[in-house]
Amino acid sequence: MSVRREAIRFASGETECAAWHYPGTNGGCVIMAGGFAVTKGPGTDPFAERFADAGFTVLAFDHRRLGASGGRPRQVVRIKDELADWQAAIGFAATLPGVDPDKLALWGFSLSGGHVLHVAARDRRVAAAIAQTPNADCQAIVRNAARYQTPLAMLRLTGRGILDALGGLVGLAPRLVPLNGEPGTVAFLTTPDAQDTERALNPGNRYPDWQQEAAARSSLRLSFYRPGRHAARIRCPLLVLVCDQDCSALPGPAVAAANRAARAELVRLPGGHYQPFLSGHEEAVEAELSFLRRHLLNLPPTDSAGTTAGSATHKPE
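Everything numeric in this text was worked out from a predicted model, so none of it was measured.

Parameters at a glance
The residue count restarts for each chain, going from 1 along the sequence in the order it is written. Residues qualify for local features only when their pLDDT is at least 70, as the model is predicted, and side-chain atom pairs are given and counted only at 80 or more; totals for whole chains, interfaces and linings, by contrast, use all residues. Computation of side-chain values covers all heavy atoms of the structure but excludes hydrogens and water. Exposed residues in this analysis have more than 50% of their type's maximum accessible area, buried residues have under 20%, and partly exposed residues fall in between, with area computed by a 1.4 Å probe over protein chains only. Here a strand is any run of E in DSSP of at least two residues, a helix any run of H or I of at least four, and the numbering for each starts at the N terminus. Here, any two strands with at least 2 DSSP bridges between them count as paired.

(A) Representation of the pairing of strand S9 (residues 238–243). Counting buried positions along S9 yields six of six residues, so the element is predominantly enclosed. Burial along S9 is two-sided: the face carrying Leu238, Val240 and Val242 and the face carrying Leu239, Leu241 and Cys243 are both buried. Alignment of strand S6 (residues 128–134) against S9, held across four bridges, turns out to be parallel. Opposite Ala131, over in S9, you have Val240 as the bridge partner. Bridge count for S9 against strand S10 (residues 264–269) is six bridges, and the pairing is parallel. Each residue of the ladder has a partner; that of Leu241, found in S10, is Val267.

What follows is the structure, encoded as structure tokens:
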């Protein structure tokens, strides 16, 4: 790592969220979290380090019940609770040393990218927001995911989710399901993108403590989450980054959300869901840094050599 960070914790509800704090120098702060059951290491490190290198303070956190954060039962993903964690993170970030509370930005990808849309629409403390390959419409995502799964495996996942939810009512431990798998196996995601998860987020088993499973009950209400519908209420600058061959989060709903937001910018990359973590990383991070510099620091866009350049982002068409 080229920057130093410290492990800290902040209160959220009746528990605490674990976070990495990267101290910055320019007053801006980027608040970050990973996707569905993805902890802060695999979910944010490649981008957090670049933001911190550029002088931004970074607060990268684990949602409750995941990773190093508190909360039980473990590995249960609840949208309402995760949104509350984002609100708590915003309040905490504003108190960090050297942070200007008027220069808070959000960054999330996949499910957390959807959370960014939802929170930015409601919280006026947010000065800028980045939604990278966001889950803007989980209803459409669930329908699309069925194309890459067998009916029997889908039935088994639903049945396991119901049994897990019933078991939770009487205090039984969660029934865990892998986050990703091959078509025909019981897993949350079996799209072609899902096969790139390890290569993109955990190369060389860099994060051996990342538990790549979630409670089966987490799937039952996921399809009701459609955060892109709130995009018209977002008043801060918004960067939406989509990948045109994304068959997990889908580019269409994210582009539609960008079209609804008054101050949105859209970046399109070729490739699948994890392209910003793979060969598209440099293009993605440069577009995001340009956005942060322009909207948090009021600086002109610059290229990688530091010279003034045209914006890498585009207004939705």
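(B) Expanded view of unusual backbone geometry. A cis amide bond links Arg72 with the next residue in sequence, Pro73, at an omega value of 0°. In this fold, Pro73 is placed in the loop between strand S4 (57–61) and helix H2 (79–93). With phi around 55°, Asn205 is a residue other than glycine that occupies positive phi space. Along the chain, Asn205 falls in the loop between helix H6 (197–201) and strand S8 (213–215). When its relative accessible area of 45% is taken as the criterion, Asn205 is described as partly exposed. The phi torsion at Leu250 lies on the positive side, around 75°, for a residue other than glycine. As for its placement among the helices and strands, Leu250 is situated in the loop between S9 and helix H7 (251–260).

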